[in-house]
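Structural features, examined
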Amino acid sequence: MCEGSKSSCSKEELTYHHGFGNHFESEAYPGALPQGRNNPRIVPLGLYTEQLSGTAFTAPRNENRRTWLYRAQPSVSGTSNSFYACGGSDGTVSSSLPEMFGGADWSTDMKLDPNPMRWGATPLRSDDRVNFIQGVHTLLGSGDATCKSGIGIYVYAFNTNMSGSASGGEDLHMYNSDGDFLIVPQQEALWIQTEIGRLTVAPGEICVIPRGIVFTVNILNPENTAEDGSFARGYMLEIFRGHFMLPELGPIGSNGLANSRDFFHPTAHYESDDSQANKSCIIVNKFGQQLFQRSNPHSPYNVVAWHGNYLPYKYDLERFCAVNSVTYDHPDPSIYTVLTAKGDENGTALADFVIFPPRVMATDQNTFRPPWFHRNVMTEFMGLIYGKYDAKKGKNGSGGFVPGGASLHSIMTPHGPDAASYDANVKNPCDEPTKFEGGLAFMFESSAMCKLSQYALNCEQRERDYASCWDGLDRAFPTQAE
């Protein structure tokens, strides 16, 4: 069954393991999983044993992440075909892929700019066929993936599956040596195949693909894009160090926010058809933000059984249990944190994933309900999955913060509700509870000061007059005081 998933699972129904950070076991063929030991001399069914470590061997037990894989052929099979850099001009598959992931060379293309910024919805680039790897654009980032330090924030827009999209018709598969991806679809559901198993991820859901796990991103219902010219679009956050975890609940208690049981992990699946299992393919490796590729003589999706806790997962944002003020004032947005990644300082995250879900606002009559004006020690990047955001309505009901768009307020950059939203909410008597259900926005928040890519600074959808939305916030003091 496709338990808990809002996507239609139109290809076939999937089963999932439930629970964040749990240790699971799964086998796609009866008897494939060794019992009582991890690495037997004689592996059942002639399989090979391989361990995938997501943390150092000596990481604290409550943080240690690893999974034992039992596969038809180990990952080293095929590595005699060397990796070489993508982005060439020789007409091979490497020339159709960018040299740098997201199209940005972090050593030369990233610039500091403290101005508030906003972008319209990410368009599909003009090419007829754009796959996931080709459709990713770097917007901003900090640190250095080679030092396991910092984050990257990206948008994507693509209309072609990675399967069968190489120049010779081969399937493209990818793994990320740099960090963990958190993927937020905004338009079109995704069909994601990994070594661990398969997931469907629809707008309104998220998924996390940890460092090193081979995956393929396809469109769940590609016939939709072929018929009406639509395409998949969304956002991604990458952390170069550590892994995402659930935030501490503190005085909230033992329940609320994102509940552990609502995180879904795939079950084992392998290519059982010999024509697919033995089909040559292209493996792409994101390594220090650069892309490398090599040919592989067989499918990487040959894991027949596994057990462990280093796994991809998905989460339906509708399951988030929001808490809020029922007396007065607007609490800090940290109360809407879904996932967090630890930073260097206690209580200060490298990155948080925060949502602003449909919820009831039930404060008193003298509470300004949208977020307040703010300057922050953190970088705030926001996106909109659907609907509207209550603090950014635009001028005269037009423009504003649109689905598929984004905004950035860097460290200590002033921001807050636009003039139209402020005036409307000052006049709102707030004399009864209000259910906000007009949209679903989210925020990637980070303690890192980020640089922007040339794409972010120069793309057509950047709103260069964004800051004018605050021009109508005129001085009222001391007139009102008198």
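Preceding this paragraph is the structure being described.
Attention here is on the structure that accompanies the text.

**Some points on the pattern of salt bridges**
Evaluation of the coordinates by the stated rule reveals 11 salt bridges. As a salt-bridge pair, Arg-71 and Glu-50 come within 3.0 Å of each other at their nearest N and O atoms. A residue pair is termed long-range when its members are at least 10 positions apart, and Arg-71 in strand 4 (residues 66-71) and Glu-50 in strand 3 (residues 48-53) qualify at 21 residues. Accessibility classification places Arg-71 together with Glu-50 in one group, the buried group. One salt bridge connects Lys-286 with Asp-178, and the closest N-O pair in it is separated by 2.7 Å. You can see Lys-286 sitting in strand 17 (residues 281-287) and its partner Asp-178 sitting in the loop between strand 9 (171-176) and strand 10 (180-187), a full 108 residues away along the chain. One connected set of salt bridges, linked through shared partners, spans Glu-50, Arg-71 and Glu-195.

**Comments concerning unusual backbone geometry**
Omega for the peptide link from Phe-477 to Pro-478 comes to 5°, which places this bond in the cis form. Among the secondary structure elements, Pro-478 is positioned in the segment after helix 5 (454-458). If you check the backbone angles, Leu-45 has positive phi at about 65° while not being a glycine. Among the secondary structure elements, Leu-45 is positioned in the loop between strand 2 (24-27) and strand 3. Of note in this structure, Asp-329 is not a glycine but carries a positive phi near 70°. Along the chain, the position of Asp-329 falls in the loop between strand 20 (313-316) and strand 21 (337-342).

**Some words on the sheet that holds strand 4**
With antiparallel pairing, the four strands of this open sheet are ordered in space as 2-19-4-3. Pairing within the sheet leaves two strands with one partner each, and these edge strands are strand 2 and strand 3. Averaged over neighbouring strand pairs, the angle between their axes works out to 20° when direction is ignored. Alignment of strand 4 against strand 19 (residues 303-308), held across five bridges, turns out to be antiparallel. If you follow Tyr-70 over to strand 19, its bridge partner there is Ala-305.

**Some remarks on the pairing of strand 11 (residues 190-194)**
Most of strand 11 is tucked away: five of the five residues are buried. Burial along strand 11 is two-sided: the face carrying Leu-190, Ile-192 and Thr-194 and the face carrying Trp-191 and Gln-193 are both buried. Where strand 11 meets strand 12 (residues 198-201), four bridges bridge the pair, whose relative direction is antiparallel. What sits directly across from Ile-192, in strand 12, is Leu-199.

Quick notes on the rules
- Residues numbered from 1 in each chain as written.
- Predicted model: local features only at pLDDT ≥ 70, side-chain atom pairs only at ≥ 80, totals over all residues.
- Heavy atoms only, no water.
- Salt bridge = Lys/Arg side-chain N within 4 Å of Asp/Glu carboxyl O.
- Helix = DSSP H or I, 4+ residues; strand = E, 2+ residues; numbered from the N terminus.
- Buried < 20%, exposed > 50% of the residue type's maximum accessible area, 1.4 Å probe, protein only.
- Pairing = 2+ DSSP bridges.
- Axes fitted to C-alpha atoms, helices over the stretch in contact; angles between N-to-C directions.

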